[in-house]
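Residues per chain are reported as follows:
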Amino acid sequence: MKKDFSKRYGLIDTLRGFALINMVLFHFCYDIFVVYGVDRWWFTYTGVIIWERFICVSFILLSGVSLDGGSFFYPNPLESDGRHQRQPWFGCACCPSNIARFIPSVAGYAYAFRDNDLYVNLYLSSRMSETLKGGEVALTTETGYPWNGDVAITVDKAPRKGFTLKLRIPGWVRGEVLPSDLYSYADGLQPGYKVLVNGEELHAELQ
C-alpha cells in the first residue's frame, strides 16, 4: 500500500511506500486465516498472494533496510537522484523497527495446523515438526523459491494413521495476478505445474 498525489493511475518517483502500512495489511490477512482457515476462498487466492509478494518481491521490505542493516528508509521512493538516502534512525521510527522484528518472524508463517491437517502456506527452505491430532509430523522443505519454482518436501515423520498435507498452488502458477480476469501478466507466459509423490506424478484436482 502506498500514498502520494499524482494524476489518475500515475506513479511518481516521490511515491511513498510505508513499510508499516504493508505490515498492517499482511497481519490483517494472517488474522483472517487464523479465524476462518485456508479453506475460505478469499484467503486462499488473495490473502497468501499478499503474503508472498510482501515477503519475496516487495520493494518496500527489500529496500527499507540497507545490506549492512545499519540504515533505513522511512518513506520508500520508487527512485532517488541521490537526495533521498537511507538514514541511521528517525525520531519516529515505526517502519525500521517493524521491519527488524518482522524478518525473524517469517518462519512462523510458513506452516499452519488444524486438527490433523498441515497447511504449507509459504515455500521456504526449512524444517518443521509439530504434533497434530493424530501424532507428530516432521517435514523438510527444499527450494530456490522465488528464483526457482521447484519445491521438494520430504515427510521425515508421520502419524501411523496418516495426516492431510495441504499445498498452496501459487497464483502466478495459475497465471492469476489476482483471482479475477481484471489483471494479467504482460509476458503472456503460462507456466503450469505438476505434483510428484515419490517421483510419480500425482493426477488429482488440486484446489
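Rules used throughout
- Residues numbered from 1 in each chain as written.
- Predicted model: local features only at pLDDT ≥ 70, side-chain atom pairs only at ≥ 80, totals over all residues.
- Heavy atoms only, no water.
- Helix = DSSP H or I, 4+ residues; strand = E, 2+ residues; numbered from the N terminus.
- Buried < 20%, exposed > 50% of the residue type's maximum accessible area, 1.4 Å probe, protein only.
- Polar contact = N/O pair within 3.5 Å; in protein donor to acceptor, adjacent residues only side chain to side chain.
- Contact = heavy atoms within 4.5 Å.
- Phe/Tyr/Trp six-rings, centres within 6.5 Å; stacked < 30°, edge-to-face > 60°.
- Salt bridge = Lys/Arg side-chain N within 4 Å of Asp/Glu carboxyl O.
- Pairing = 2+ DSSP bridges.
- Axes fitted to C-alpha atoms, helices over the stretch in contact; angles between N-to-C directions.

Asker: Honestly, the side chain of Arg 168 in this entry has me stumped. Any pointers?
Answerer: You can see Arg 168 is positioned in the loop between strand S8 (164-167) and strand S9 (196-197). Judged by its relative accessible area of 10%, Arg 168 falls in the buried class. Within polar-contact distance, the side chain of Arg 168 engages the backbone oxygen of Asn 121 at 2.6 Å. The contact partners of Arg 168, leaving out residues within four places of it in the chain, are Val 48, Glu 52, Val 120, Asn 121, Leu 122 and Tyr 123.

Asker: What exactly am I supposed to notice about the packing of aromatic side chains here?
Answerer: The geometry of an aromatic ring pair comes down to the distance between the two centres and the angle between the two planes. Across all of its chains, the model carries 3 aromatic pairs by this definition. Arranged with centres 5.7 Å apart and planes meeting at 80°, the rings of Phe 72 and Trp 89 form a pair that is edge-to-face. Of this pair, Phe 72 sits in the loop between helix H3 (59-63) and strand S2 (75-76) while Trp 89 sits in the loop between S2 and helix H4 (94-102), and the two are 17 residues apart along the sequence. When its relative accessible area of 9% is taken as the criterion, Phe 72 is described as buried. Note on Phe 102 and Tyr 109: the rings are 6.2 Å apart at their centroids and 25° apart in plane angle, and the pair reads as stacked.

Asker: Please explain unusual backbone geometry as it appears in this structure.
Answerer: Trans is the common state for peptide bonds, and a negative phi is the common state for residues other than glycine. With phi around 55°, Asp 115 is a residue other than glycine that occupies positive phi space. Its relative accessible area of 53% is what places Asp 115 among the exposed residues.

Asker: Can you walk me through the environment of Glu 136 in this structure?
Answerer: Inspection of the secondary structure assignment puts Glu 136 in strand S6 (residues 135-143). Taking C-alpha positions, Glu 136 is 9.5 Å from Arg 160, a pair spaced 24 residues apart along the chain. Setting aside its immediate chain neighbours within four residues, Glu 136 contacts Ser 129, Glu 130, Thr 131, Lys 157, Ala 158 and Pro 159. Here the side chain of Glu 136 touches Lys 157 through a polar contact of 3.0 Å, side chain to side chain.

Asker: What is the right way to read the pattern of salt bridges from this model?
Answerer: Pairing between side chains of opposite charge can happen when the charged atoms of each approach one another. Scanning all chains against the criterion turns up 2 salt bridges. As a salt-bridge pair, Lys 166 and Asp 117 come within 3.8 Å of each other at their nearest N and O atoms. In this pair, Lys 166 sits in strand S8 while Asp 117 sits in strand S4 (residues 117-120), placing the two residues 49 residues apart along the sequence. Looking at Lys 166, the relative accessible area reads 24%, which means it is partly exposed.

Asker: What is the right way to read the sheet that holds strand S7 (residues 151-157) from this model?
Answerer: Neighbouring strands of a sheet are bound in pairs by backbone hydrogen bonds; such pairs are parallel or else antiparallel. Pairing within the open sheet is antiparallel, and its 3 strands lie in the order S5-S6-S7. Taken across any chain shown, the strands that pair with only one partner, and hence form the sheet edges, are strand S5 (126-132) and S7. Along the sheet, successive strands turn relative to each other by an average axial angle of 20°, direction set aside. Looking at chain direction, S5 and S6 are connected through 7 bridges and run antiparallel. When the sheet's bridge partners are listed, Leu 132 is paired in S6 with Gly 135.

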